[in-house]
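Close look at the chain arrangement
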Amino acid sequence: MGHTLDGNEALAAPAGEGPAGEGPAGEGPAGEGPRRYFVRTFGCQMNEHDSERLAGLLEEEGMEPAAALEEADVVVFNTCCIRENADNRLYGNLGQLRAIKQLRPGMQIAVGGCLAQKDREKVLERAPWVDAVFGTHNVGQAAQLLDRARRQGPVVEILDAAPEEKAEFPSALPVRRELPFAAWVTIQVGCDNRCAFCIVPSVRGKEISRPFSEVVEEVRQLAERGTSEVTLLGQNVNSYGRDLALVARRLPDWRSQALLTGEEWTSADSPRARPLFADLLRAVSRVEGIGRVRFTSPHPKDLRPETIEAMATEDAVCPHLHLPLQSGSDRVLALMRRGYTAQRYLERLSAARDAIGDLAVTTDIIVGFPGETDEDFERTLEVAAEARYDSAYTFIFSPRPGTEAAAWEERFVPPEVTAERFERLRLVVERSALLAHQARVGRVEEVLIEGKSKKGPAWSGRTRQNKLVHLEGEALRAGALAEALITQAAPHFLKGKLLRVVAEPRHRNLIPVMSG
């Protein structure tokens, strides 16, 4: 499956179905062979994993991946709605696709994901040439909806919750893994926080944790197939399992609920309603064959000492912490309803750095939140400088309908002010990133090879700190583990010289993968 990244947009060579009303879902007209599909992904890692599910579902129907969107019989847009330009990008892409579909009447177009969950019937109102619209809670029904649309015409199906809880989790469905040596593993969906700027609770629903044993078993199966790196996914991974513990503690036989909560919880003196994320980190990192464990995204208010301890003591857990700041102003953080102050944030960051050797820290920061003053922004610059980030995802505030902050129009910061602030923040962050990277020049780093570099005749991979390295040297296989001498530093990447291959890839190319 082809895959390119352009900002927040990921392209995955996915989907195909043929002319309306002809043959089973995966078959094209007689003599033309299987239908071909193409999935384009907008947004976060959760969406990327959902797209792997979509690809797996379509291949289970007998379809094959198309090399390009124009060659596909079925095109699926898996959407994001975190920022306003996501709407513009989707409908712009749909407009371009209309002309292609007019030339190929048998082509089908589906729109799913967060924006579809939000806009619902509006998708067909704005783009009536779309065949199927589905939301975040029924990704598993995408193939059936496309089949229905072939027979009955355009269909919209948006659910406010999954028909059964297990259907919420991407790993419960067929998966076409984007990288056979690395895998996303969903541990939690939804979010119970109510940040004033965030639409995720509206489109992803309440926070639901996946049973402990299911997560560990999926990782074990992945390791058996040769996967060496897993990333645990959730909207707020640090709170993982609190809901499971709440359920289990009410049961008279709570000590027999290890499948739900893990053995560390059931062996405690009393059944506490606590997060289980640190327990999960330890369990996953001890699965044989797994050399790297990552996670995203945590919430600063829920970064607990036991999570820091697990990161520090478990060799497989990578020394990289993505800790979203959002703002360095206590006044703005309160308006955002983030649940922490800048000082508390810095204290937790300091505790993590003290405990975890060679820790890389990345973050998210919003510029121009409604009501942000010059003084507020100066505080953000101060905190960003003090935090010494290795990298930061910086965003200009984008009002999302349905969020609290979207209604504060009288407080919106003028575009020219946010643009100037954004540039100043970029300089502070890039200065810290460059210093961090320059300190790595001359060091030997462990690099997991991802593939050919986009920067000339070289190979690219990532260190345990998640730093991108472009390597000069012999041809390498994706999934190989190498040692490299770092020779150059830039704000967003490193360059190095290959010293030796430590381990060849272990994965076998079995696609689609069944899990859960």
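Attention here is on the structure that accompanies the text. Within every chain, residues take consecutive numbers counted from 1 along the sequence as written. Only residues with pLDDT of at least 70 are given local features in this predicted model, and only at 80 or more are side-chain atom pairs given and counted; all residues enter the totals for whole chains, interfaces and linings. Hydrogens and waters are ignored; side-chain quantities use all the structure's heavy atoms.

Brief notes about the overall build of the protein
Of the regular secondary structure elements, the protein holds 16 helices and 21 strands. Within the span of the protein, comprising 516 residues, buried residues form 56% of the whole. Residues count as neighbours in contact if any of their non-hydrogen atoms are within 4.5 Å of one another. The contacts in the protein between residues at least 6 apart in sequence include a share of 71% that link residues at least 24 apart. Each helix corresponds to a stretch of at least 4 residues labelled H or I by DSSP, and each strand to a stretch of at least 2 residues labelled E; elements are numbered beginning at the N terminus. Each residue gets one of three labels from its accessible area relative to the maximum for its type: buried under 20%, exposed over 50%, partly exposed in between, using a 1.4 Å probe on protein chains only.

Some points on helix 15 (residues 374-387)
Along an α-helix, residues three or four positions apart point the same way, because every turn accommodates 3.6 residues. In a regular helix each residue adds 1.5 Å, so 14 residues correspond to 20 Å; helix 15 covers 20 Å between its end C-alpha atoms and thus fits that length. The elements touched by buried residues of helix 15 are helix 13 (330-336), helix 14 (342-355), strand 15 (360-367) and helix 16 (415-438). Where helix 15 terminates, the next one or two residues include Arg388, which has phi positive at roughly 55°. For a helix, the expected span equals 1.5 Å multiplied by the residue count minus one.

A few points about the sheet that holds strand 12 (residues 229-233)
The criterion for strand pairing is that DSSP finds at least two bridges linking the strands in question. Reading across from one edge, 9-12-13 is the order of the three strands in this open sheet, with parallel pairing throughout. One side of each edge strand has no neighbouring strand; the edge strands of this open sheet are strand 9 (182-186) and strand 13 (292-296). The mean inter-strand angle of the sheet, taken between neighbouring strand axes irrespective of direction, is 25°. Note that strand 12 and strand 13 share five bridges and pair parallel. Opposite Leu232, over in strand 13, you have Phe295 as the bridge partner. Think of each axis as a best-fit line through the C-alpha atoms, taken over the contacting stretch in the case of a helix, with angles from 0 to 180 degrees between the N-to-C directions. Running at roughly 165° to strand 9, helix 7 (residues 212-224) makes contact with strand 9 and strand 12 of the sheet. Each of strand 12 and strand 13 is contacted by helix 11 (residues 277-285), which is oriented at about 150° to strand 13, the strand it contacts most.

Some remarks on the pairing of strand 21 (residues 494-503)
As judged from the four bridges shared by strand 19 (residues 468-472) and strand 21, these two strands associate in the parallel manner. Counterpart to Glu472 in the pairing with strand 21 is Lys497. Bridging between strand 20 (residues 481-489) and strand 21 involves eight bridges; their strand directions are antiparallel. The partner of Ala489 across the bridge, within strand 21, is Leu494. Following strand 20, the chain reverses through four residues before pairing antiparallel with strand 21.

Remarks on unusual backbone geometry
Backbone geometry follows two general trends: most residues other than glycine have a negative phi, and most peptide bonds adopt the trans configuration. Cis rather than trans, the peptide bond between Thr296 and Ser297 has omega equal to -5°. You can see Ser297 is positioned in the loop between strand 13 and helix 12 (305-313). The backbone of Asp358 sits at a positive phi, close to 55°, despite the residue not being glycine. As for its placement among the helices and strands, Asp358 is situated in the loop between helix 14 and strand 15. For Asp358, a relative accessible area of 34% translates into the label partly exposed. Unusually for a residue other than glycine, Asn466 sits at a positive phi of about 70°.

Some points on the sheet that holds strand 16 (residues 391-396)
Taken in spatial order, the three strands line up as 14-15-16 in an open sheet, and their pairing is parallel. Either end of the sheet is taken by a strand with one partner, and the two such strands are strand 14 (320-322) and strand 16. Averaged over neighbouring strand pairs, the angle between their axes works out to 10° when direction is ignored. Strand direction decides the pairing type here: strand 15 and strand 16, joined by six bridges, are parallel. Of the residues in strand 16, the one forming a bridge with Asp364 is Tyr393.

Some details on the nonpolar core
What we call a nonpolar core is a set of buried Ala, Val, Leu, Ile, Met, Phe, Trp, Tyr and Cys residues that are connected through their side-chain atoms within 4.5 Å. Grouped together as the largest cluster of nonpolar side chains are 69 residues, with contacts concentrated most on Leu232, Tyr240, Leu281, Val293 and Phe369. The contact partners of Phe369, leaving out residues within four places of it in the chain, are Ala196, Phe197, Val332, Leu335, Met336, Phe397, Ala405, Trp408 and Val413.

A closer look at the packing of aromatic side chains
Two aromatic rings, drawn from Phe, Tyr or Trp (for Trp, its six-membered ring), form a pair once their centres lie within 6.5 Å of each other, and the interplanar angle then sorts them: stacked below 30 degrees, edge-to-face above 60, tilted otherwise. For the structure shown, the criterion picks out seven aromatic pairs. Ring plane angle 90° and centroid distance 5.9 Å describe the contact between Phe369 and Trp408, whose orientation is recorded as edge-to-face. Here the residue Phe369 occupies a position in the loop between strand 15 and helix 15, and Trp408 occupies one in the loop between strand 16 and helix 16, the gap between them amounting to 39 residues. Comparing Phe369 with Trp408, the two get one shared label, buried. An aromatic cluster is built from Phe197, Phe369, Phe397, Trp408 and Phe412, whose rings are joined through pairwise contacts. Lysine NZ or arginine CZ positioned within 6 Å of the ring centre and within 35 degrees of the ring normal marks a charge as sitting over the ring. Note that Arg126 overlies the ring of Tyr91, its terminal NZ or CZ placed 3.8 Å from the centroid. Above the plane of the ring of Trp459 lies Lys452, whose end atom (NZ or CZ) is 5.5 Å from the centre.

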